[in-house]
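Secondary and tertiary structure notes
Each chain, letter by letter, is given below.
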Amino acid sequence: MPTKKHLDTLLELKDNPSQSQRSLAHKLNISLGLTNSILQNLIHRGLIKAQKMTGRKILYLITPKGMVQATNFIYDRVRETQHYYQYAKDLLIAHFTNLYDKGARKAAIYGTGQLAEIAYLSLLDSPLKLHSIITDDPTLPKKKFLGHEVLTLSEFAQKISETLTPENLIILSTVSQEKDEKGKDETKTQSLKAEIKKYKNIPKTIQIINLESVLKNIKG
């Protein structure tokens, strides 16, 4: 059975058969020696064939057998993504229900990526209600996300002043974790907390939950 690197190589060659071994190694983030070894293995398996061109250039063509393998691999990746989507949604629904039991009533989603989309759909199936969606990049042009207007922190602060019970509001941060200069895990949530302090309308005690951390801790 081919490894993931073998299959990744197969997909790269499917899209661009004329690229060099060096270019392939760079895209796959592996050594030139390993790239050569993988190509030889794929040739041996009958998944690709090497065609010599002018000079030292070699064209690696995917065979019908290799095309079937690549198609199956793409299907498996899509199925894994769908499985993760449903798995994460189920976990977040349970987590949001738990937050509701502890007194939370409304949630603002911070970010507009894939995890924000999962969070939004999870809210629909939980007792928590959506308050607003906040952009993590205020420099982007005005846009809508899943049919809702995306607010800047300033606009969010204004909306907070119109909220009757802001103490029941939480923020769900969907931005990815990053490493700080010392290599320790840090999230943009910390930057969000610092930004929030600039707005008097936003309660300083507002709870901010990083959903990526929530999913990692539950899975762990």
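**Here we look at the overall build of the chain**
Secondary structure assignment for the chain yields 8 helices and 10 strands. Within the chain, contacts between residues separated by at least 24 positions form 59% of all contacts whose residues are at least 6 apart in sequence. Surface exposure of the chain reaches about 13200 Å², of which carbon and sulfur atoms provide 52%.

**Topic: the packing of helix α2 (residues 21–28) against helix α3 (residues 32–44)**
Packing of α2 against α3 brings their axes to within 9 Å, and their N-to-C directions diverge by 105°. Relative to α3, α2 is oriented roughly perpendicular. Side by side, α2 and α3 meet where Gln21, Arg22, Leu24 and Ala25 of the first sit next to Leu32, Thr35, Asn36 and Leu39 of the second. Each residue belonging to the contact of α2 with α3 can be placed in one class, and the counts come to 4 nonpolar, 3 polar and 1 charged.

**Quick notes on helix α1 (residues 4–15)**
For α1, spanning 12 residues, the distance from its first C-alpha to its last is 17 Å, which sits close to the expected 16 Å at 1.5 Å a residue. Residues of α1 that are buried include every one of His6, Leu7, Asp8, Thr9, Leu10, Leu11 and Leu13, and no others.

**What about the pattern of salt bridges?**
The final tally for this structure, using the stated rule, is 3 salt bridges. A salt bridge links glutamate 195 to lysine 198, with the nearest nitrogen and oxygen atoms 2.9 Å apart.

**Some thoughts on the packing of aromatic side chains**
To describe a pair of aromatic rings, one takes the distance between the centres and the angle between the planes. Summed over the entire model, instances satisfying the criterion amount to 0 aromatic pairs. The lysine or arginine in question, arginine 105, covers the ring of tyrosine 100, its NZ or CZ lying 3.9 Å from the ring centre.

**Observations concerning the sheet that holds strand β10 (residues 207–210)**
Pairing in this open sheet of 6 strands is mixed, and the strands run β5-β6-β4-β3-β7-β10 from one edge to the other. Each edge of the open sheet is held by one strand with a lone partner, namely β5 (144–145) and β10. In terms of strand pairing, strand β4 (residues 129–134) meets strand β6 (residues 148–151) through 2 bridges, oriented parallel. Looking at β6, one finds that isoleucine 134 is bridged to leucine 151. On the sheet, helix α6 (residues 153–160) packs against β3 (106–110), β4, β6 and β7 (169–173) and is oriented at approximately 150° with respect to β4.

**As for the confidence of the model for the chain**
Low pLDDT marks stretches whose predicted atomic positions should not be read closely. Chain-level statistics for the chain give a pLDDT mean of 84 and a share of 90% at 70 or above. Low pLDDT (under 50) marks residues 179–185, which in the prediction has 6 contacts with non-local residues, meaning those over four places away or in another chain.

**A closer look at the nonpolar core**
Counting 24 residues, the largest nonpolar core has Phe96, Leu128, Ile170, Leu172 and Leu211 as the members making the most contacts within it. Every element with two or more residues in this core is listed here: α4 (64–101), β3, α5 (114–124), β7 and α8 (211–219). When residues in this core are grouped by element, the largest group, 6 residues, is from α5. Residues within four places of leucine 211 in sequence aside, it is in contact with Leu92, Phe96, Leu115, Ala119, Leu172, Ser173 and Thr174.

**Details of the environment of valine 68**
Inspection of the secondary structure puts valine 68 in helix α4. Taking the C-alpha atoms as reference points, valine 68 and leucine 47, separated by 21 residues in sequence, lie 9.0 Å from one another.

**Examining α2**
Within α2 the residues assigned to the buried category are Gln21, Leu24, Ala25 and Leu28. Buried residues of α2, viewed axially, fall in a sector of 100°; they line one side. Along α2, exposed side chains directed more than 90 degrees from the buried face belong to Arg22 and His26. Buried-residue contacts for α2 involve α1, α3 and β2 (58–62). Once α2 ends, the next one or two residues include asparagine 29, with phi positive near 60°.

**Quick word on the pairing of strand β1 (residues 48–52)**
Where β1 lies against β2, 5 bridges are found, and the strand directions are antiparallel. Bridging across to β2, glutamine 51 finds its partner in leucine 59. Hairpin connection from β1 to β2: 5 residues lie between these consecutive antiparallel strands, with glycine 55 at a positive phi of about 70°.

Reading guide: rules and limits
- Residues numbered from 1 in each chain as written.
- Predicted model: local features only at pLDDT ≥ 70, side-chain atom pairs only at ≥ 80, totals over all residues.
- Heavy atoms only, no water.
- Helix = DSSP H or I, 4+ residues; strand = E, 2+ residues; numbered from the N terminus.
- Contact = heavy atoms within 4.5 Å.
- Areas by Shrake-Rupley, 256 points an atom, 1.4 Å probe, with all protein chains shown as cover.
- Axes fitted to C-alpha atoms, helices over the stretch in contact; angles between N-to-C directions.
- Parallel < 35°, antiparallel > 145°, perpendicular 65-115°, else oblique.
- Nonpolar A, V, L, I, M, F, W, Y, C, P; charged D, E, K, R; others polar.
- Expected span 1.5 Å × (residues − 1).
- Buried < 20%, exposed > 50% of the residue type's maximum accessible area, 1.4 Å probe, protein only.
- Salt bridge = Lys/Arg side-chain N within 4 Å of Asp/Glu carboxyl O.
- Phe/Tyr/Trp six-rings, centres within 6.5 Å; stacked < 30°, edge-to-face > 60°.
- Lys NZ or Arg CZ within 6 Å of the ring centre and 35° of its normal.
- Pairing = 2+ DSSP bridges.
- pLDDT = per-residue confidence, 0-100.
- Core = buried A, V, L, I, M, F, W, Y, C linked by side-chain atoms within 4.5 Å.
- Arc of directions from axis to C-beta.

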